[in-house]
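Residues per chain, in single letters:
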Amino acid sequence: MLNAVERKIEQFIEDLNDKEVKKLYKKLPKGKRLRAKLILKIAGSSLSVVKTAAVVEMIHGASLLHDDVIDDAYTRRSKPSLNALYGNKTAIMMGDILYSKGFFELNNISADVAKLISNAVVQLSLGELKDVSLSKRFNTDKSIYMEMIYQKTASLMEASAGAGALLIGKDKNAYMTYGRNLGIAFQMIDDILDITMDSETLGKPALHDFEEGKTTLPYIYLYEALESEEKSRLRSLHAKSLSKDEQDWIKEKMNQTGVIDKSYNEAKELIEEAISLMNAQGESALSDIAKAMIERSF
Ligand code: FPP
Ligand code: MG
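Thresholds, definitions, all that
Residues numbered from 1 in each chain as written. Chains lettered and ligands numbered in written order. Predicted model: local features only at pLDDT ≥ 70, side-chain atom pairs only at ≥ 80, totals over all residues. Heavy atoms only, no water. Helix = DSSP H or I, 4+ residues; strand = E, 2+ residues; numbered from the N terminus. Rg over C-alpha atoms; globule rule 2.2 N^0.38 Å. Buried < 20%, exposed > 50% of the residue type's maximum accessible area, 1.4 Å probe, protein only. Areas by Shrake-Rupley, 256 points an atom, 1.4 Å probe, with all protein chains shown as cover. Axes fitted to C-alpha atoms, helices over the stretch in contact; angles between N-to-C directions. Parallel < 35°, antiparallel > 145°, perpendicular 65-115°, else oblique. Left-handed = near helix turned anticlockwise from the far one by under 90°. Contact = heavy atoms within 4.5 Å. Nonpolar A, V, L, I, M, F, W, Y, C, P; charged D, E, K, R; others polar. Donors = N, O, S within 2.8 Å, 3.2 Å for Na, K, Ca; no water. Core = buried A, V, L, I, M, F, W, Y, C linked by side-chain atoms within 4.5 Å. Salt bridge = Lys/Arg side-chain N within 4 Å of Asp/Glu carboxyl O. Polar contact = N/O pair within 3.5 Å; in protein donor to acceptor, adjacent residues only side chain to side chain.

## A word on the overall build of the chain
Stage number 1. Secondary structure assignment for the chain yields 16 helices and 2 strands.
Stage number 2. Relative to the globule expectation of 19 Å for 298 residues, the C-alpha radius of gyration of the chain, 19 Å, shows essentially globular dimensions.
Stage number 3. If one aligns the C-alpha atoms of the chain with their principal axes, the spans along those axes are about 60 × 45 × 30 Å.
Stage number 4. Out of the 298 residues in the chain, the part that is buried amounts to 52%.
Stage number 5. Only carbon and sulfur atoms are counted for the fraction: they give 50% of the accessible area of the chain, which is about 13600 Å².

In structure tokens:
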């Protein structure tokens, strides 16, 4: 079924009748297509479902193109990012093309679905802005971090699940909670993997988040757990390029204080809630997607 979504995106790109865009699209890694999977598992594979899934993946792809420019990221899913290959200007414009074509197509689906998705895109843009602003200082406030990841990552998964439910006439509330929990947990795990995975497996440099100024949940918990002198040391390492010794110190402190497990368990709780919700609806395929997320190692 995901194949139908790939074909639909290719067809939307073909519609644009532009050789350069076609070439650039081929350079983009496909990714897990998690949002499309959710929509298809909830709503089947009618034409409007496939179109919605295609549009959501185009919007998501656009947001990652912009995000890699914002984050100065030169790899995406172990491949060179578009900004690394062709520069920021091309990456931004390719993002704009994917995004605006996606929005154009969204208008042909249904007003309710269009509202849900477009509101999520506002949220994800607000979330990304918050992420950028937060990285200018050492954020120690967990609730601000949680709100930011909800907006940046979970809002589009929540809306994707809700759109799927709307398209097939299911009650959207349980599905939206499921999507929200999955999205928050996904970003929490992504942020944990930035610390625990080696750069090769991760497909991007490890501890990149902290070097970029992002104090993700394990850093917030670590800061809470450290003595005052060590708090100052952690602060002094924030938002700068780290030596091997400095990286090792951070990782060792995280091990000693158990903050990775603490963060991971919180993600797991959200996933468990998502699984129970879907079990109650008899949606075993959706429960399985949630289970796979918590077992993900990269
Ligand atoms: C990845 O976060 C970024 C997002 C999930 C959202 C990015 C959103 C925007 C750039 C604004 C919206 C723009 C458009 C065109 C719709 P991350 O940097 O923490 O994750 P990563 O490790 O995957 O880079
Ligand atoms: Mg990024």
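That shown, we press on.
## Describing the packing of helix α9 (residues 172-196) against helix α16 (residues 284-295)
Stage number 1. Interaxial distance between α9 and α16 falls to 10 Å at its minimum, and their mutual angle equals 15°. As summarised for this structure, α9 and α16 are arranged roughly parallel, according to the angle between their axes. Of the two elements, α9 crosses α16, and the hand of that crossing is left-handed. In this structure, α9 uses Y175, Y178, L182, F186 and I189 to contact α16, whose residues at the interface are L286, I289, A290, M293 and I294.
Stage number 2. For the contact of α9 with α16, the per-class residue count stands at 10 nonpolar, no polar and no charged.

## Considering the coordination of the magnesium ion (ligand 2)
Stage number 1. Protein coordination of the magnesium ion (ligand 2) is provided by D67 (OD) and D71 (OD), with donor distances spanning 2.0 to 2.1 Å. Taken as a pair, D67 and D71 share a single burial class, namely buried.

## A word on the nonpolar core
Stage number 1. Among the nonpolar cores identified, the biggest contains 54 residues, and Y178, M188, L234 and I250 are the most heavily contacted of them.
Stage number 2. Residue assignment for this core shows that the elements contributing at least two residues are α3 (34-43), α8 (142-168), α9, α12 (217-225), α13 (228-237), α14 (244-257), α15 (259-280) and α16.
Stage number 3. With 12 residues, α9 is the single largest residue contributor to this core.
Stage number 4. Not counting residues up to four positions away in its chain, the partners in contact with L234 are F138, F210, Y219, L222, Y223, L226, W249 and I250.
Stage number 5. Counting 40 residues, the second-largest nonpolar core is a separate cluster that includes L24, V55, V56 and A91.

## A look at the pattern of salt bridges
Stage number 1. Tallying each qualifying case throughout the model produces 19 salt bridges.
Stage number 2. Measuring nitrogen to oxygen at the nearest pair gives 3.1 Å for the salt bridge that ties D131 to K214. Residue D131 is found in helix α7 (residues 111-134), and its partner K214 is found in the loop between α11 (208-211) and α12; the two are separated by 83 residues along the sequence.
Stage number 3. Where K291 meets D288, a salt bridge forms, and the shortest distance between an N and an O atom there is 3.5 Å. On the criterion of helical spacing, the pair formed by K291 and D288 is a turn pair, its members being 3 residues apart in helix α16.
Stage number 4. A residue is classified by how much of its surface remains accessible, and K291, at 38% relative accessible area, is partly exposed.
Stage number 5. Residue classification places D288 among the partly exposed positions, given a relative accessible area of 42%.
Stage number 6. Each of D71, D131, K152 and K214 takes part in one network of salt bridges that share partners.

## A short note on the packing of helix α1 (residues 2-15) against helix α4 (residues 47-70)
Angle between the axes and distance between the axes: these two values describe a pair of packed helices.
Stage number 1. Where α1 meets α4, the axes come as close as 9 Å, and the angle between the chain directions of the two elements is 70°. In terms of orientation, α1 and α4 fall into the roughly perpendicular class. Here α1 runs over α4; the crossing is right-handed. Counting all contacts with α1, which are made through A4, V5, K8, I9 and F12, the residues of α4 involved are L47, V50, K51, A53, A54, V55, E57 and M58.

## Some details on the environment of H238
Stage number 1. Counting through the fold element by element, H238 comes out in the loop between α13 and α14.
Stage number 2. Spatially, the C-alpha atom of H238 lies 6.9 Å from that of F138, the residues being 100 residues apart in sequence.
Stage number 3. Ignoring sequence-local partners within four residues, the contact set of H238 consists of S135, R137, F138, F210, G213, K214 and T215.
Stage number 4. There is a polar contact of 2.8 Å between the side chain of H238 and the backbone oxygen of G213.

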